[in-house]
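# Observations on the model geometry
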Amino acid sequence: MNAENVHQDTDLAAPDLPREAEDAAGSAAADSDAGTAFDTEAGALIEPAAEPAAEPGSEAAEAEPVAPPTGTMSAERLAAKALEARLLGGERKLRRREVAAGAGLSLLSARKLWRALGFPNLGDEDVAFTERDQAALSTIVDLVRDGKLTEEAAISITRAIGQMTDRMVVWQIEALVEDMVQEQGVSDAVARKRLVSELPNLIDPLEEMLAYSWRRQLNAAVQRLAVRAEAGLQSSEEGREGDEDDAPLPLARAVGFADLVSYTSLSRRMNEKTLAQLVQRFENKCAEIISVGGGRLVKTVGDEVLYIAETPAAGAEISLALSRAFTDDEILPQARVAMVWGRILSRLGDIYGPTVNLAARLTALADPGTVLVDSMTAAALEQDERFVLVPRPAEDVRGFGEIHPVQLQPGSGRGLILD
């Protein structure tokens, strides 16, 4: 949640990062000739990048195609190669310069996009790409050339896709392996090998669900924008006087943390399987409650979850429901919960600002099984009969000075109802 998490290499017109050793002599001149193809001031995106010509007698001209592997492949290796061809859209036949030239880009700009996607650096002679890689690169570049995205936006969106899909794939594979271990009674290593032969039957359904979920989530975001246009301004002013530290930030949100009590000591006494089940139970319960309450789970970090909601009341309902759920749970320990209504900055899927920091500080002050808010948030909720607000003694909080915590308790009504 720190500003240091923001990547600083989004300027595609800036000089490239240091190249790998094999690039230093043979590739620098070709990159210089091609130019920074994403440089909009020069209009170079519209112009196709020149394909690097291999000099007669050079290493590139004399390089022989990579010889196919000799000997008989094992069934596992054959299955892995078939799976790769299906996932990548064909056999790897292209080198990085060929893909960049095919998309009309300099290698410099192509590498910036590949880094944003999280791909490793490759040498000039690595045959690592397919025609689908070239098509994907062209898709991103065309959005900039057509004026639909700026260079900075294209890099940021590309990085979002790379980081989110990377985490998603790791999560899915671990879930599948864990399921095979439990259901088939095999070891973790055997399950991972066996998964290669199981994945072909799952690719299409998982891909369909990914596209479906993305469209639904995008629609939900659009609807939130529309709701904000009508009611967001009123909510954003609740309990505020305009001179708060977070006033310059653009988005007014309810920011909450839930932190499991005694997680560290519990984790030391648990084996790997039991700890994994506890963490998964915690995350699943949080995700369900936050979703039902109309909020968004920003991220989980071990024993802690960060979430946001559109209004102070929605954030309060979610916070009380989380506290109650963990108090009633027979397996999970109680949780400390805190929620603050204020302004935030949203970047790279995370949120930043003093509101986030204050919510984190209040979480540490909360007693197990309770919810704390600050005085400004309490002022925004005081006329709502669904909540009871109990002032607590003032506390000196690092970075904020003296603050006046208020314990949030349920009032009239049933609270957040889960199915």
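Residues take numbers from 1 onward in each chain, read along the sequence in its written order. Restriction of local features to residues with pLDDT of at least 70 applies here, the model being predicted, together with a cutoff of 80 or more for giving and counting side-chain atom pairs; totals for whole chains, interfaces and linings are based on all residues. Note that the side-chain values use all heavy atoms of the structure and ignore hydrogens as well as water.

## Considering the overall build of the protein chain
Numbering goes from the N terminus for both helices and strands, where a helix is a DSSP run of H or I of at least four residues and a strand is a run of E of at least two. A tally of helices and strands in the protein chain yields 15 helices and 10 strands. When accessible area is computed with a 1.4 Å probe and restricted to protein chains, residues below 20% of their type maximum are described as buried, those above 50% as exposed, and intermediate ones as partly exposed. Put simply, the protein chain has 419 residues, and 35% of those count as buried. Should any heavy atoms of two residues lie within 4.5 Å, those residues are counted as being in contact. By sequence separation, contacts in the protein chain at least 24 residues apart represent 72% of the contacts at least 6 residues apart. Areas reported here follow the Shrake-Rupley algorithm with a probe of radius 1.4 Å; residue values treat only the protein chains shown as occluding. When the accessible surface of the protein chain is summed, it comes to about 24100 Å², and 53% of that surface belongs to carbon and sulfur atoms.

## Describing the nonpolar core
Here, nonpolar core means buried Ala, Val, Leu, Ile, Met, Phe, Trp, Tyr and Cys residues that are tied together by side-chain atoms lying within 4.5 Å of each other. Within the largest apolar cluster, 36 residues are counted, with the highest numbers of intra-cluster contacts made by Ile 318, Leu 322, Phe 326 and Leu 408. Those elements that provide at least two residues to this core are strand 1 (251-260), helix 12 (272-292), strand 3 (304-309), helix 13 (312-328), strand 4 (335-347), strand 6 (371-373), helix 15 (375-381) and strand 10 (406-410). The element that contributes the greatest number of residues to this core is helix 13, accounting for 9 residues. Residues contacting Ile 318, with those up to four places away along its chain left out, are Ile 289, Ile 290, Gly 293, Gly 295, Tyr 307, Ala 309 and Leu 416. Within the second largest apolar cluster, 18 residues are counted, among which are Val 99, Trp 114, Val 141 and Ala 154.

## Overview of the pairing of strand 4
Across 10 bridges, the pairing between strand 1 and strand 4 is antiparallel. Residue pairing for strand 4: Asp 259 is matched across the bridge by Arg 336. Sheet topology note: the strand 4/strand 6 ladder contains 3 bridges and is parallel. The residue bridging Val 337 from the neighbouring strand is Val 371, located in strand 6. Taken together, the 3 bridges between strand 4 and strand 5 (residues 350-352) define a ladder with antiparallel strand orientation. Within strand 5, the residue paired with Arg 347 across the bridge is Asp 350. For two strands to be treated as a pair, DSSP must find at least two bridges joining them.

## Side note on the environment of Leu 149
Looking at where Leu 149 falls in the secondary structure, it is placed in the loop between helix 7 (131-145) and helix 8 (151-184). Of the residues examined, Leu 149 reaches a relative accessible area of 23% and is grouped as partly exposed. Each residue touching Leu 149, except ones within four places of it in the same chain, is listed here: Leu 143, Val 144, Ala 154 and Ile 157.

## Regarding the packing of helix 6 (residues 107-117) against helix 8
Here helix 6 crosses helix 8 at 40°, and the two axes come no closer than 7 Å. Classed by the angle they form, the pair helix 6 and helix 8 counts as oblique. Residues Lys 112, Leu 113, Ala 116 and Leu 117 of helix 6 pack against Ile 155, Thr 158, Arg 159 and Gly 162 of helix 8. Nonpolar residues are Ala, Val, Leu, Ile, Met, Phe, Trp, Tyr, Cys and Pro. Charged residues are Asp, Glu, Lys and Arg, and all others, Gly as well, are polar. Residue composition of the contact of helix 6 with helix 8, grouped by class: 4 nonpolar, 2 polar and 2 charged. Convention adopted: a line fitted to C-alpha atoms gives each axis, helices being fitted over their contacting stretch, and angles between N-to-C directions are expressed from 0 to 180 degrees. Throughout this description, any angle smaller than 35 degrees is read as roughly parallel, any larger than 145 degrees as roughly antiparallel, any in the 65 to 115 degree range as roughly perpendicular, and the remainder as oblique.

## Considering a nonpolar patch on the surface
Like charges are joined within 9 Å and nonpolar side chains (Val, Leu, Ile, Met, Phe, Trp, Tyr) within 5 Å, but only among residues with over 30% relative accessible area and no salt bridge; these make up the patches. Salt-bridge detection follows one rule: a side-chain nitrogen of Lys or Arg within 4 Å of a carboxyl oxygen of Asp or Glu. Taken together, the side chains of Trp 214, Leu 218 and Val 222 define a hydrophobic patch exposed on the protein surface, amounting to about 310 Å² of accessible area. Within the secondary structure layout, Trp 214 lies in helix 10 (residues 203-236).

## Things to note about the environment of Ala 364
Among the secondary structure elements, Ala 364 is positioned in helix 14 (residues 354-365). Sequence separation between Ala 364 and Phe 257 is 107 residues; the distance between their C-alpha atoms is 9.7 Å.

## A word on the packing of aromatic side chains
Side-chain rings of Phe, Tyr and Trp (the six-membered ring for Trp) are treated as a pair once their centres are within 6.5 Å; stacked means planes under 30 degrees apart, edge-to-face means over 60, and tilted covers the remaining angles. Tallying each qualifying case throughout the model produces 2 aromatic pairs. A ring pair is formed by Trp 114 and Phe 129, whose centres lie 4.7 Å apart and whose planes are at 20°; its orientation type is stacked. Of this pair, Trp 114 sits in helix 6 while Phe 129 sits in the loop between helix 6 and helix 7; the two residues are 15 residues apart in sequence, bridging distant segments of the chain. Here Trp 114 and Phe 129 have matching classes, each one buried. Measuring from ring centre to ring centre gives 5.4 Å for Phe 282 and Phe 326, while their planes differ by 40°; the resulting arrangement is tilted. Of the two residues, Phe 282 is situated in helix 12 and Phe 326 in helix 13; the sequence distance between them amounts to 44 residues. Judged by its relative accessible area of 1%, Phe 326 is buried.

## Side note on the side chain of Glu 317
By the secondary structure assignment, Glu 317 is in helix 13. With relative accessibility at 14%, the residue Glu 317 sits in the buried group. Dropping the residues within four chain positions of it, Glu 317 is found in contact with Arg 386, Phe 387, Gly 415 and Leu 416.

## Things to note about the packing of helix 6 against helix 7
For the pair helix 6 and helix 7, interaxial distance at closest approach is 11 Å and the crossing angle is 100°. Taken together, the axes of helix 6 and helix 7 are roughly perpendicular relative to one another. The segment helix 6 lies against helix 7, with Ala 110, Leu 113 and Trp 114 engaging Leu 137, Ile 140 and Val 141. Classifying every residue of the contact of helix 6 with helix 7 gives 6 nonpolar, no polar and no charged.

## A closer look at the pattern of salt bridges
If the charged atoms of two oppositely charged side chains come close together, the side chains can form a pair. This structure, assessed with the given rule, holds 14 salt bridges. Between Arg 192 and Asp 188 there is a salt bridge, with the nearest N and O atoms lying 2.6 Å from each other. One end of the pair is Arg 192 and the other is Asp 188, both in helix 9 (residues 188-198) and 4 residues apart, which spans about a single turn. Using a relative accessible area of 34% as the deciding quantity, one classes Arg 192 as partly exposed. Taking relative accessible area as the criterion, Asp 188 reaches 38% and is therefore assigned partly exposed. Within this structure, Arg 96, Arg 97 and Asp 124 form a network of salt bridges that share partners.

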